[in-house]
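Letter by letter, the chains look like this.
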Amino acid sequence: MSRHPLARLGRAAHIGLRILGVAAVAVLVIATGLGAVGRYFHVGGVTWSFELVAMMFLWITAIGTIISELDGENVSIDGMNGDRGPVKHILHAVVLLIVAGMMVHSGWSMLERTAFMPTPVMRAPSWTMQAVILVMGVGLGLIALLRLARLLR
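Nothing here was measured: the structure is a model prediction, and the numbers come from that model.

1. Let's talk about the side chain of S109
Okay, step 1: Relative to the helices and strands, S109 is located in helix 3 (residues 86–114).
Okay, step 2: On the basis of relative accessible area, S109 is assigned to the buried category, the value being 17%.
Okay, step 3: Here H105 takes part through its backbone oxygen, which lies 2.9 Å from a polar atom of the side chain of S109.

Pasting the structure below:
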């Protein structure tokens, strides 16, 4: 068990992401159930649940992507898997950093233009959905930077 403060912080962040992911799935299931019951029993006023489901789906995807990258279970190219040498590890981290940088740039650009536009039904600010791209980019970028720092020392 590592006693390095950064390692402890990383483990805490990993656990926090898992808790957020479980909470998002719970909200998704409850909102889906409310929407289904509302439609089946012709109950008005629950149309917001489908918009909430869309938001949770995006956040679950972002959180799951970060967790799976941390666990080494994310989608990758076959040539980059298996018994990789140090050059391939560095290349993998650099490619991840480039993709993360593009996501951060794109997410930030989108937030600058439309962050406070209300969503159609719930009237929540659009950043509640659009920040997913920025958060995922920052998360993957941090993972890539930490990997590069570890590989290049």
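2. Description of the environment of T47
Okay, step 1: The topology assignment puts T47 in the loop between helix 1 (5–40) and helix 2 (48–70).
Okay, step 2: What makes T47 exposed here is its relative accessible area of 54%.
Okay, step 3: Each C-alpha atom of the pair T47 and I30 lies 13 Å from the other, and the pair is 17 residues apart in sequence.

3. Observations regarding the packing of helix 1 against helix 2
Okay, step 1: At a minimum axis distance of 8 Å, the contact between helix 1 and helix 2 shows a crossing angle of 155°. By the angle between their directions, the pair helix 1 and helix 2 is classed as roughly antiparallel. Read as a crossing pair, helix 1 and helix 2 show a hand that is left-handed.
Okay, step 2: When the residues that make up the contact of helix 1 with helix 2 are grouped by side-chain class, the tally is 20 nonpolar, 5 polar and 2 charged.

Definitions and cut-offs
Residues numbered from 1 in each chain as written. Predicted model: local features only at pLDDT ≥ 70, side-chain atom pairs only at ≥ 80, totals over all residues. Heavy atoms only, no water. Helix = DSSP H or I, 4+ residues; strand = E, 2+ residues; numbered from the N terminus. Buried < 20%, exposed > 50% of the residue type's maximum accessible area, 1.4 Å probe, protein only. Polar contact = N/O pair within 3.5 Å; in protein donor to acceptor, adjacent residues only side chain to side chain. Axes fitted to C-alpha atoms, helices over the stretch in contact; angles between N-to-C directions. Parallel < 35°, antiparallel > 145°, perpendicular 65-115°, else oblique. Left-handed = near helix turned anticlockwise from the far one by under 90°. Nonpolar A, V, L, I, M, F, W, Y, C, P; charged D, E, K, R; others polar.

By themselves, these observations are geometric and do not establish any function.
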